[in-house]
Amino acid sequence: MRFLSDKFISGLKEGGVLYPLLQRVRKDQTLDLQIRTDQVHIYYRGGRLLDISPQGTGFTCNFDREYVKADAASLPAFPKKVCSQQDADDVVVLIPLLKQAIDFYFTAHKDRSEREFQQLIVRENNYSTFSNATDYFIVDIEYTAETDDKGAKGRFDLLALKWESDGRLRQKHGVDKFPPKLALCEFKYYTGALEGEAGLVGHVEDALSFISKPANVEAVKDDALRMFRLKRDLGLVNFGSGNNSNPVTKLDDNLELILMIANYDPECGKLAKALDHIEAVNGVDVRIATSNFLGYGLFKECIYGIPEFKARFSRQIYCK
């Protein structure tokens, strides 16, 4: 279960000791704040820039030294204690240096693109200039639910709410009558990620096994609603100039499992083979996301069921 304690929430809000860090995230679209179990992680290019945890009467901010393993002397010591806004300001001043360390690390480790593209999806749909126009809001990345008693895994690359941009559906009576829908997303970057132990079919089978159990789905829905509410309260979701205060308190009974395949090589036949092995589960709509021209905005018109996707994009998925 994902939650933030009252102490943590107060610390992030205006007047709290962590508020300078939240302000920096709001002002810098290369940063992304995600909620963990009474922790906050701030990401840059998909890399974890800061871990923030409560400690005693204050908080600690930590930076993963793995990013500077080759040059450990290039950054000040971490963790940093944050007991006042001045302490938080002192950490904010270090953010450009932390970003640079991650930039250098990613130059030497070119296999980290998947995490970076996940963060781009969050930015485009949550707080970009057109996020109010997309039909999905991302509530978490790298989401892991507690394993149930049968061993089914609840791990999803992105957790989203499908709340269509139709104004009638985003009004209060629209939310009550047509509640948003939970969307679980599996993201694969480039062709090689489709096969192997961490391949597409294996992840989809694990996901379908997990969400075939109603108790698991209800637990994930509770997490999604809680995190979405917190992100709205913290100003991390952009609803446009008029904002939107209509609460989302429940989700539709059905849900979507969305497959996101980035930079797939059309000359490879792996995707077609993988899709042939995916079987439907009652109450779960398995769909595949495509872009509206270029970009990462998630529009309902560009997210297809498997049969329609196969027919519409046969040239891109079948090796001819």
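It should be noted that the structure appears before, not after, this text.
**Focus: the overall build of the chain**
Helix and strand content of the chain: eleven helices and eleven strands. Taken over the C-alpha atoms alone, the chain extends approximately 60 × 50 × 45 Å along its principal axes. Per-residue burial for the chain yields a buried fraction of 51% across its 320 residues. Across the chain, every contact between residues at least 6 apart in sequence was considered, and the portion connecting residues at least 24 apart equals 65%. Taken as a whole, the chain presents about 15500 Å² of accessible surface, with 49% of it coming from carbon and sulfur.

**A look at the environment of N216**
Examined against the element boundaries, N216 turns out to sit in helix α8 (residues 214-233). The exposure class assigned to N216 is buried, which follows from its relative accessible area of 10%. On a C-alpha basis, the gap between N216 and G154 in space is 8.2 Å, while along the polypeptide they are 62 residues apart. Among the polar contacts made by the side chain of N216, one reaches the main-chain carbonyl oxygen of F210 at a distance of 2.9 Å.

**Brief notes about the sheet that holds strand β8 (residues 181-189)**
Strands sit in the order β6-β7-β8-β9-β10-β11 across an open sheet of six strands; the sheet is mixed. The open sheet has two free edges, formed respectively by β6 (136-145) and β11 (303-305), since each of these has just one partner strand. For this sheet, the mean inter-axis angle between neighbouring strands, taken without regard to orientation, is 35°. When strand β9 (residues 255-262) meets strand β10 (residues 284-289), the two strands line up parallel, connected through six bridges. Looking at the pairing, M260 lines up with A289 of β10. Packing against the sheet, helix α4 (residues 113-126) makes contact with β6, β7 (154-162), β8 and β9, and its axis sits at approximately 145° to β6. Contacting β6, β7, β8, β9 and β10, helix α7 (residues 200-211) crosses the sheet at an angle of about 165° to β9.

**Quick notes on the pairing of strand β4 (residues 58-62)**
Extensive coverage of β4 is indicated by the burial of four of its five residues. Bridge analysis of strand β3 (residues 47-55) against β4 gives five bridges, and the strand direction is antiparallel. Bridge pairing links Q55 to G58 in β4. Counting the residues between successive antiparallel strands, the hairpin from β3 to β4 contains two residues, one of them, G56, with a positive phi of roughly 60°. As defined by bridge partners, β4 adjoins strand β5 (residues 80-82) across three bridges and the pair is classed as antiparallel.

**Some remarks on α8**
Across its 20 residues, α8 extends 29 Å between first and last C-alpha, which sits within 8% of the 28 Å expected from 1.5 Å per residue. A positive phi of about 75° marks G235, the residue just after α8.

**Quick notes on the pairing of β10**
Summarising burial for β10: five of the six residues are buried, a large majority. Considered for its hand, the β-α-β crossover made up of β9, helix α9 (residues 270-276) and β10 is right-handed. Two strands pair when backbone bridges link them, and β10 and β11 are joined in this way by three bridges, in the antiparallel orientation. Note that in β11 the partner of R287 across the bridge is G305.

What counts and what doesn't
Residues numbered from 1 in each chain as written. Predicted model: local features only at pLDDT ≥ 70, side-chain atom pairs only at ≥ 80, totals over all residues. Heavy atoms only, no water. Helix = DSSP H or I, 4+ residues; strand = E, 2+ residues; numbered from the N terminus. Buried < 20%, exposed > 50% of the residue type's maximum accessible area, 1.4 Å probe, protein only. Contact = heavy atoms within 4.5 Å. Areas by Shrake-Rupley, 256 points an atom, 1.4 Å probe, with all protein chains shown as cover. Polar contact = N/O pair within 3.5 Å; in protein donor to acceptor, adjacent residues only side chain to side chain. Pairing = 2+ DSSP bridges. Axes fitted to C-alpha atoms, helices over the stretch in contact; angles between N-to-C directions. Expected span 1.5 Å × (residues − 1). Right-handed = clockwise from strand over helix to strand, strands pointing away.

Shape descriptors only; they carry no functional weight alone.
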